[in-house]
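Topology and contacts: notes
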Amino acid sequence: MAVLKVIEILANSDKSWEEATRKAVKHASKSVKNIRSVYVQDQSASVKDGEVTDFRVNVKITFEVN
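These remarks concern the structure in this document. Computed from a predicted structure; not experimentally measured.

The rules behind each value
Residues numbered from 1 in each chain as written. Predicted model: local features only at pLDDT ≥ 70, side-chain atom pairs only at ≥ 80, totals over all residues. Heavy atoms only, no water. Pairing = 2+ DSSP bridges. Helix = DSSP H or I, 4+ residues; strand = E, 2+ residues; numbered from the N terminus. Axes fitted to C-alpha atoms, helices over the stretch in contact; angles between N-to-C directions. Contact = heavy atoms within 4.5 Å. Patch = residues over 30% accessible without salt bridge, like charges linked within 9 Å, V, L, I, M, F, W, Y side chains within 5 Å. Areas by Shrake-Rupley, 256 points an atom, 1.4 Å probe, with all protein chains shown as cover. Salt bridge = Lys/Arg side-chain N within 4 Å of Asp/Glu carboxyl O. Expected span 1.5 Å × (residues − 1). Buried < 20%, exposed > 50% of the residue type's maximum accessible area, 1.4 Å probe, protein only. Arc of directions from axis to C-beta. Polar contact = N/O pair within 3.5 Å; in protein donor to acceptor, adjacent residues only side chain to side chain.

**Let's talk about the sheet that holds strand 1 (residues 3–13)**
Spatially, the 3 strands line up as an open sheet ordered 1-3-2, and their pairing is antiparallel. Each having just a single partner strand, strand 1 and strand 2 (35–48) make up the two edges of the open sheet. Ignoring which end each strand starts from, the neighbouring axes of this sheet average 15° apart. The pairing of strand 2 with strand 3 (residues 51–65) spans 12 bridges and is classified as antiparallel. The residue bridging Ser37 from the neighbouring strand is Thr62, located in strand 3. Against the sheet, helix 1 (residues 17–28) touches strand 1, strand 2 and strand 3, its axis set at about 40° to strand 3.

As structure tokens, this is what we get:
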């Protein structure tokens with residue numbers, strides 16, 4: 001039986017929500033091992049002068065605890 005834990009992370013990117021998600025996973029993987037999945041809970045964006053300037057995600061990362 002595996003024991004799983006979930007952490008919540010906020011991340012951003014000036015390119016896309018996908019890149020923001022990748023950044024969140026990459027950053028989490030520096031201190032968390034055995035990451036199994038990522039769930040994008042929320043997406044938002046900042047707008048300036050009619051242009052999207054920043055993509056933001058709130059993700060839940062699931063990992064196995066040994």
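**Considering a nonpolar patch on the surface**
A contiguous nonpolar surface patch, about 370 Å² in accessible area, is contributed by Met1, Val3 and Val65. Mapped onto the elements, Met1 comes out in the segment before strand 1.

**Description of helix 1**
An α-helical turn contains 3.6 residues, so a residue and the one three or four places further along point in the same direction. An ideal rise of 1.5 Å per residue puts 16 Å on 12 residues; helix 1 measures up with 17 Å between its terminal C-alpha atoms. Along helix 1, the positions that sit buried rather than exposed are Ala20, Thr21, Ala24 and Ala28. Looking straight down helix 1, one finds its buried side chains confined to an arc of 100°; they lie on one side. Along helix 1, the residues that are exposed and aim more than 90 degrees away from the buried face are Arg22 and Lys26. Where helix 1 is buried, its residues touch strand 1, strand 2 and strand 3. Near the N-terminus of helix 1, the side chain that reaches the backbone nitrogen of Glu18, with its oxygen 3.4 Å away, is that of Ser16.

**Side note on the side chain of Asn58**
If you trace the backbone, Asn58 turns up in strand 3. In contact with Asn58, not counting residues within four places along its chain, are Glu8, Ile9, Leu10, Tyr39, Val40, Gln41 and Asp42.

**Some thoughts on the pattern of salt bridges**
A full pass over the atoms with the stated rule returns 2 salt bridges. Asp54 is paired through a salt bridge with Arg56; the nearest N and O atoms lie 3.1 Å apart. Using a relative accessible area of 41% as the deciding quantity, one classes Arg56 as partly exposed.

Keep in mind that these numbers describe shape and distance, not what the molecule does.
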